[in-house]
Amino acid sequence: GPGAGNYALASTTAVTTANITAATLTASVTAASKGYDRGTTATIASCTLTGVLSGDVVTCEGTGTATFDSAAVGTGKPVTVTGLGLSGAGAGNYALASTTAATTANITAATVTASVTAATKGYDQTPSATIASCTLTGLLAGDVVTCSGTGTAAFDTASVGTGKTVTVSGLA
């Protein structure tokens, strides 16, 4: 100002304090698809960070928990990841914008095997057969699933015989 000439600094240096705050990072995750297992637990397949400065070593810490929105089979199912953290030599210089992230993954149907029995019939000149029962193996404990649909059953020939092969198709 205009009176500056009337003063002289006792020292041309000074000491004070201030803060350097952590740089904010954003985590993006992917989750692995899985087969139906009655559970909602998901597996984190990858985690990438946006905002790490060149030369710094910072990675996602693998302690997050991933959860599907439901145990039901589906594609593009929402997955929520919580408990994300940072690791690496430069981790102390950064903070996550959020310790949660969202992604999608698939739950594919579990495979089951149908076992059928055919009813014995009297000779009638046709190879048509009737399904007597259908049971499924490979079901997970607690699930109730049955064969649905009538399917089509046929003996290999219309001739009389024992232990004849019956082919069933169209089961669901």
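So, here's what we can say about the structure. All values reported here derive from a predicted model rather than from experimental measurement.

Regarding the state of the cysteines
Among covalent bonds in proteins, the disulfide is the one between the sulfur atoms of two cysteines. Here the structure, examined in full by the defined rule, presents 2 disulfides. Across a sulfur-sulfur distance of 1.9 Å, cysteine 47 and cysteine 60 are joined as a disulfide pair. Between cysteine 47 and cysteine 60 the sulfur-sulfur dihedral comes to about -55°; the bridge is accordingly left-handed. One end of the pair, cysteine 47, is in strand S3 (residues 41-50); the other, cysteine 60, is in strand S4 (residues 59-61), with 13 residues separating them in the sequence. When its relative accessible area of 23% is taken as the criterion, cysteine 47 is described as partly exposed. Using a relative accessible area of 17% as the deciding quantity, one classes cysteine 60 as buried. Covalent S-S linkage joins cysteine 134 and cysteine 147, the inter-sulfur distance amounting to 1.8 Å. Torsion about the S-S bond of the cysteine 134 and cysteine 147 cystine: about -60°, corresponding to left-handed handedness. Residue cysteine 134 is found in strand S12 (residues 131-137), and its partner cysteine 147 is found in the loop between S12 and strand S13 (152-155); the two are separated by 13 residues along the sequence. Using a relative accessible area of 23% as the deciding quantity, one classes cysteine 134 as partly exposed.

A word on a nonpolar patch on the surface
A cluster of nonpolar side chains, contributed by Val112, Leu139 and Val145, occupies part of the molecular surface with about 200 Å² of accessible area. By the secondary structure assignment, valine 112 is in the loop between strand S9 (101-108) and strand S10 (113-118). Its relative accessible area of 35% is what places valine 112 among the partly exposed residues.

Topic: the sheet that holds strand S8 (residues 94-96)
Taken in spatial order, the 7 strands make up an open sheet running S2-S9-S6-S5-S3-S1-S8, and their pairing is mixed. With one partner strand each, in any of the chains shown, strand S2 (34-35) and S8 form the two edges of the open sheet. The sheet contact formed by strand S1 (residues 23-32) and S3 spans 7 bridges and is antiparallel. Opposite serine 28, over in S3, you have threonine 48 as the bridge partner.

With respect to the side chain of threonine 103
Looking at where threonine 103 falls in the secondary structure, it is placed in strand S9. A relative accessible area of 16% places threonine 103 in the buried class. In terms of polar contacts, threonine 103 uses its side chain to reach the backbone carbonyl oxygen of valine 29, at 3.3 Å. Apart from the residues lying within four places of it in its own chain, the contact partners of threonine 103 are Val29, Thr30, Ala31, Lys77, Pro78 and Val79.

Definitions and cut-offs
- Residues numbered from 1 in each chain as written.
- Predicted model: local features only at pLDDT ≥ 70, side-chain atom pairs only at ≥ 80, totals over all residues.
- Heavy atoms only, no water.
- Disulfide = S-S within 2.5 Å.
- Helix = DSSP H or I, 4+ residues; strand = E, 2+ residues; numbered from the N terminus.
- Buried < 20%, exposed > 50% of the residue type's maximum accessible area, 1.4 Å probe, protein only.
- Patch = residues over 30% accessible without salt bridge, like charges linked within 9 Å, V, L, I, M, F, W, Y side chains within 5 Å.
- Areas by Shrake-Rupley, 256 points an atom, 1.4 Å probe, with all protein chains shown as cover.
- Salt bridge = Lys/Arg side-chain N within 4 Å of Asp/Glu carboxyl O.
- Pairing = 2+ DSSP bridges.
- Polar contact = N/O pair within 3.5 Å; in protein donor to acceptor, adjacent residues only side chain to side chain.
- Contact = heavy atoms within 4.5 Å.

Any functional reading would require information beyond the geometric quantities listed.
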